[in-house]
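The chain contents come next:
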There are 2 protein chains.
Amino acid sequence: MTFSDVDNEAAVLLKKANQRYTEGRRRLVAALQAGKGPLTIADIVAADDTLPQSSIYRNLVILEEANVVARVVTSDDFARYEIAEHLTHHHHHLICKACGDVIDFALDAQTEATLDQALHQAAHDAGFTAESHQLDLLGTCGDCRSES
Amino acid sequence: MTFSDVDNEAAVLLKKANQRYTEGRRRLVAALQAGKGPLTIADIVAADDTLPQSSIYRNLVILEEANVVARVVTSDDFARYEIAEHLTHHHHHLICKACGDVIDFALDAQTEATLDQALHQAAHDAGFTAESHQLDLLGTCGDCRSES
DNA sequence: CTCAGTGCAAAGGATTTGCATGCCG
DNA sequence: CGGCATGCAAATCCTTTGCACTGAG
């Protein structure tokens, strides 16, 4: 999906949710698309300082409800957000334990398929209805390793 | 590992970290062992109301540093803790999007091995040093499904 | 005895919300 | 025009911390 595809799709999803796609929300989506991985609120403010913090929080909630963005939880104290997977592509996160940075990566299709099937099986066995999975890899990024 | 194995191991790990294994810390470890999955601070207080909140927070930090417990991050606003995997066994989490409850589950060894290898490969390709992975399944638990 | 651990209450910090104003439809 | 979106500032709520007290070694 290209930048404007996401933009268009966001407009459709928001309309479906009876929400407007305002300038501020467009800028927010643009900022998230520009990142290499999920961004914190601070990252977003840094990327576009015309956006006040409270509006970012408020609009992220709206965009999340409309399935345009997704909240990503990592181990540091800041919530992170990214464009929803169905507007981009299924992927996972490399989380650096040293600097807290998060980078996207993907598994090969074969492994992903095997995993997905095993997960559905396991969920079923536990009387659980699986919707999606989140797989994070914890480690040290190249930058932090060379610094240590 | 049995209950007392974990207890003994916790004592060793704390000693190694120059920390005492006090009554409060024992009760904390016991409460975590009793849970079916990672517990929130509120869960712990509910399980053992002799433990004051502030001591729970403080001791969880100590126990985490000593590698006795691990912090588990989910999508709700509460931190959760569990006994460290090396004292129990490698497992994953089923997270209910409706009630926020978290339940442990495991993948079969074969799938886990495949996954682990694919992850190391992917991490390596990204110049990342992988240490561990965290895989969560998001969905709806049996209880919540029957209620809706 | 001495110092780490404890418990209460007060502080901290990310996130949320009330309210007056501005702008979209 | 009417209502949703915005922005500021104040409020919330999980979590952390200061301080005086207790207990382990």
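In this text, all values refer to a predicted model and were calculated from it rather than measured experimentally. (Residues numbered from 1 in each chain as written. Chains lettered and ligands numbered in written order. Predicted model: local features only at pLDDT ≥ 70, side-chain atom pairs only at ≥ 80, totals over all residues. Heavy atoms only, no water.)

**Brief notes about the overall build of chain A**
Across its full length, chain A holds six helices and six strands. Secondary structure elements of chain A occur, N-terminal to C-terminal, as α-α-β-α-α-β-β-β-β-α-β-α. Across its three principal axes, chain A shows a C-alpha extent of roughly 45 × 45 × 25 Å. Expressed as a percentage of the 148 residues in chain A, the buried residues total 44%. Long-range pairs, those at least 24 residues apart, make up 49% of the contacts in chain A between residues at least 6 apart in sequence. Only carbon and sulfur atoms are counted for the fraction: they give 49% of the accessible area of chain A, which is about 7900 Å². Here chain A holds 12 positive side-chain charges and 23 negative ones, and the gap between their average locations is 9 Å. (Helix = DSSP H or I, 4+ residues; strand = E, 2+ residues; numbered from the N terminus. Buried < 20%, exposed > 50% of the residue type's maximum accessible area, 1.4 Å probe, protein only. Contact = heavy atoms within 4.5 Å. Areas by Shrake-Rupley, 256 points an atom, 1.4 Å probe, with all protein chains shown as cover. Lys, Arg positive; Asp, Glu negative; His and termini not counted. Charge placed at Lys NZ, Arg CZ, Asp CG, Glu CD.)

**Details of unusual backbone geometry**
Most peptide bonds take the trans configuration, and most residues that are not glycine carry a negative phi. Residue and element names in this part refer to chain A. With a phi angle near 65°, Asn67 is a residue other than glycine that sits in the positive phi range. Examined against the element boundaries, Asn67 turns out to sit in the loop between helix H4 (53-65) and strand S2 (69-72). Look at Asn67 and you get partly exposed, because its relative accessible area is 46%.

**A word on helix H2 (residues 23-34) of chain B**
Residue and element names in this part refer to chain B. In this model H2 runs 17 Å from its N-terminal to its C-terminal C-alpha over 12 residues, within 8% of the 16 Å that 1.5 Å per residue would give. Of the residues making up H2, those classed as buried are Arg25, Leu28, Val29, Ala31 and Leu32. When H2 is viewed along its axis, its buried side chains cluster within an angular range of 160° and face the same direction. For H2, the elements touching its buried residues are helix H1 (3-16), strand S1 (39-40), helix H3 (41-47), helix H4 (53-65), strand S2 (69-72) and strand S3 (80-83). (Expected span 1.5 Å × (residues − 1). Arc of directions from axis to C-beta.)

**Here we look at the sheet that holds strand S1 (residues 39-40) of chain A**
Residues and elements named next belong to chain A. Pairing is antiparallel in the open sheet, where three strands are placed in the order S1-S3-S2. Either end of the sheet is taken by a strand with one partner, and the two such strands are S1 and S2. Looking at chain direction, S1 and strand S3 (residues 80-83) are connected through two bridges and run antiparallel. Looking at S3, one finds that Thr40 is bridged to Arg80. (Pairing = 2+ DSSP bridges.)

**A short note on helix H5 (residues 109-125) of chain A**
With 17 residues, H5(A) ought to run about 24 Å at 1.5 Å a step, and its terminal C-alpha atoms sit 24 Å apart, in line with that. A positive phi of about 70° marks Gly127(A), the residue just after H5(A).

**Description of the sheet that holds S2(B)**
Residue and element names in this part refer to chain B. Pairing is antiparallel across the open sheet formed by three strands, whose spatial order is S1-S3-S2. Unpaired on one side and paired on the other, S1 and S2 mark the two borders of the sheet. Where S2 meets S3, four bridges bridge the pair, whose relative direction is antiparallel. Counterpart to Ala70 in the pairing with S3 is Glu82.

**Observations concerning the protein's contact with DNA strand D**
Near DNA strand D, the surroundings consist of 16 residues, among which Gln19(A), Thr22(A), Pro52(A), Arg58(A) and Tyr57(B) are the closest. Within the side chain of Gln19(A), a nitrogen or oxygen atom sits 2.7 Å from a phosphate oxygen of DNA strand D. Between Tyr57(B) and DNA strand D, the recorded distance is 2.4 Å, taken from a side-chain N or O atom to a phosphate oxygen. Among the elements of the structure, H4 of chain A together with H4 of chain B are those that each provide at least two residues to the surface near DNA strand D. Residues of the surface near DNA strand D, tallied by class, amount to four nonpolar, seven polar and five charged. (Near = heavy atom within 4 Å. Polar contact = N/O pair within 3.5 Å; in protein donor to acceptor, adjacent residues only side chain to side chain. Nonpolar A, V, L, I, M, F, W, Y, C, P; charged D, E, K, R; others polar.)

**Re the interface of chain B and chain A**
With 38 residues of chain B at the interface, the matching set in chain A holds 38 residues. Across the chain B/chain A interface, buried area totals approximately 3100 Å², and carbon plus sulfur atoms make up 65% of it. The largest contributions to the chain B side of the interface with chain A come from Phe128(B), Leu137(B) and Leu138(B), which together make up 19% of the buried area. Linking chain B with chain A are two salt bridges. Of the charged contacts, one joins Glu131(A) and Lys97(B) as a salt bridge, the two residues approaching to 2.9 Å between their closest N and O atoms. The tally of links from chain B across to chain A stands at 16 residue pairs in polar contact (both at pLDDT 80 or more). At the level of secondary structure, the elements contributing two or more residues to the side of chain B that touches chain A comprise strand S4 (92-96), helix H5 (109-125), strand S6 (129-140) and helix H6 (142-147) of chain B. Considering every element that reaches the side of chain B that touches chain A, the biggest residue donor is S6(B), with 12 residues. Residue composition of the side of chain B that touches chain A, grouped by class: 19 nonpolar, 12 polar and seven charged. Sheet analysis places strand S6 (residues 129-140) of chain A next to S6(B), joined by 11 bridges and oriented antiparallel. Within S6(B), the residue paired with Thr129(A) across the bridge is Thr140(B). (Buried area = accessible area lost by both parts, 1.4 Å probe. Salt bridge = Lys/Arg side-chain N within 4 Å of Asp/Glu carboxyl O.)

**Thoughts on the pattern of salt bridges**
Pairing is possible between side chains that carry opposite charge, provided their charged atoms lie close to one another. Summed over the entire model, instances satisfying the criterion amount to 11 salt bridges over all chains. One salt bridge in this structure joins Arg27(B) and Glu23(B), with 3.4 Å as the shortest N-O distance. Here Glu23(B) and Arg27(B) lie together in helix H2, a separation of four residues that amounts to about one turn. Through salt bridges with shared partners, a single network forms among Glu23(A), Arg27(A) and Asp48(A).

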